[in-house]
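Here is how the chains run, residue by residue.
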Amino acid sequence: MNCLRFTSLSAAVVNNTRLPLYRSVASMDASSSDFTLVLSGKSSSDNEIAHSIKQNNSITLSDDSYRVSLLLESEITKQEKEEASSFNRQFFFNSLSTNQFGRLLIWSPRLTSTHDVVSLNFCELPIGTVCVADIQIKGRGRSKNVWESPLGCLLFSFTLQMEDGKIVPLLQYVVSLAVTEAIKDVCHKNGLPFLDVKIKWPNDLYLNGLKVGGILCNSTYKSKKFNVSAGIGLNVDNEKPTTCLNAVLRELSDSAASQLSREDILAAFFNKFENLYGIFINDGFRNLEELYYRTWLHSGQRVIIQEKINDRQVENVITIQGLTSSGYLLAIGEDNQMYELHPDGNRVKK
């Protein structure tokens, strides 16, 4: 193989058992199998869908040993909302201006992963449904990597559907671009210093040379369409294990108010994504490439590939030019030979 080096919730009833909904996330045993999902919508029609989902009790997780309870936003008392220092659903909806994406929200203080909810229940949810969790106990990245999911991170997954399988691999680039554009938009709107978040191909987000986020897109083919579950993890306000957006903001500004919220970033993400996705579907990724190349880390980057020739390891220096039509890295060698580089877990292969 040739490689490139390179908190609480109120109570809900499940099976006639009353589960504590509002309790400290920190007090929850990682092995606990009780999960509560709060359903809410931006409009009355979105809330009707939420009511129908709860009435049919149609959301499940992969293992029957998990107990999942559903609760409507309208069923949470004012006191319980004040006690829950977590995701502010109303603030998110007030900042959301989409026609489809993000309008039905599923929130939980704690989940196995948001990806589990949207992928396992895809056919029960409207396209554009988003699931948000305060923490995940089984978050994951590419190639079965574990994704750290502590408090302070924006952890969400959403659903979409595509017909052209040739462009499905390019979707993760549109999602990555929407995240970076959303962060720029929120900083500008709130008068905050510019955060130059960059895309590391194929699916990581970096700030000042340190990883702050990642994207995972999975798809299944059914009824001549690709059902896609897109998951995003973004470290907004937790400096471990590397850094976070707000830590960098504090270094750039003396104001204690220089903070980004998960709700504001999520709403801005969907506002940006819906527009970029429309361009992508109608006009192709070529119309987004210029913006993408301004945002990624790799234009003109020189890297080393290792090739085995006649039982000898030979190293060649190549220069990244951009993306191929299939979404892989396009590079050129010093001998003008063209290379297409593919991701292989955390590596890239020729």
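This text follows the structure it describes.
Residues numbered from 1 in each chain as written. Predicted model: local features only at pLDDT ≥ 70, side-chain atom pairs only at ≥ 80, totals over all residues. Heavy atoms only, no water.

Visitor: Tell me about unusual backbone geometry, residues and numbers included.
Guide: For residues other than glycine, phi is negative in most cases, and the peptide bonds are mostly trans. The residue after Trp201, namely Pro202, is reached through a cis peptide bond having omega 5°. Note that Pro202 resides in the loop between strand E9 (198–200) and strand E10 (204–207). Positioned with a positive phi, Asn208 is a non-glycine residue whose angle comes to about 55°. In this structure, Asn208 sits in the loop between E10 and strand E11 (210–222). For Asn208, a relative accessible area of 59% gives the class exposed. (Helix = DSSP H or I, 4+ residues; strand = E, 2+ residues; numbered from the N terminus. Buried < 20%, exposed > 50% of the residue type's maximum accessible area, 1.4 Å probe, protein only.)

Visitor: Got a sec to walk through the sheet that holds strand E6 (residues 104–111)? Specific residues and values, please.
Guide: Across the sheet, which stays open at both edges, the nine strands sit in the order E5-E4-E6-E7-E8-E12-E11-E10-E9 with mixed pairing between neighbours. Across the chains shown, the open sheet's two edge strands, defined by having one partner strand only, are strand E5 (67–72) and E9. If you compare each strand with its neighbour and ignore which way they point, the axes differ by 25° on average. Seen against the sheet, helix H5 (residues 171–189) touches strand E8 (153–162), E9, E10, E11 and strand E12 (225–235) and runs at an angle of roughly 140° to E11. (Pairing = 2+ DSSP bridges. Axes fitted to C-alpha atoms, helices over the stretch in contact; angles between N-to-C directions. Contact = heavy atoms within 4.5 Å.)

Visitor: Outline the nonpolar core, supporting the account with residue identities and numerical values.
Guide: With 72 residues, the main nonpolar core has Phe158, Phe269 and Phe273 as its most contacted residues. Here this core gets eleven residues from one element, more than from any other, and that element is H5. In this structure, Phe273 is in contact with Phe101, Phe158, Leu160, Leu171, Val174, Val175 and Ala178, ignoring residues within four places of it in sequence. Core analysis: the second largest hydrophobic core is formed by 19 residues, Ala50, Tyr66, Val68 and Val117 among them. (Core = buried A, V, L, I, M, F, W, Y, C linked by side-chain atoms within 4.5 Å.)

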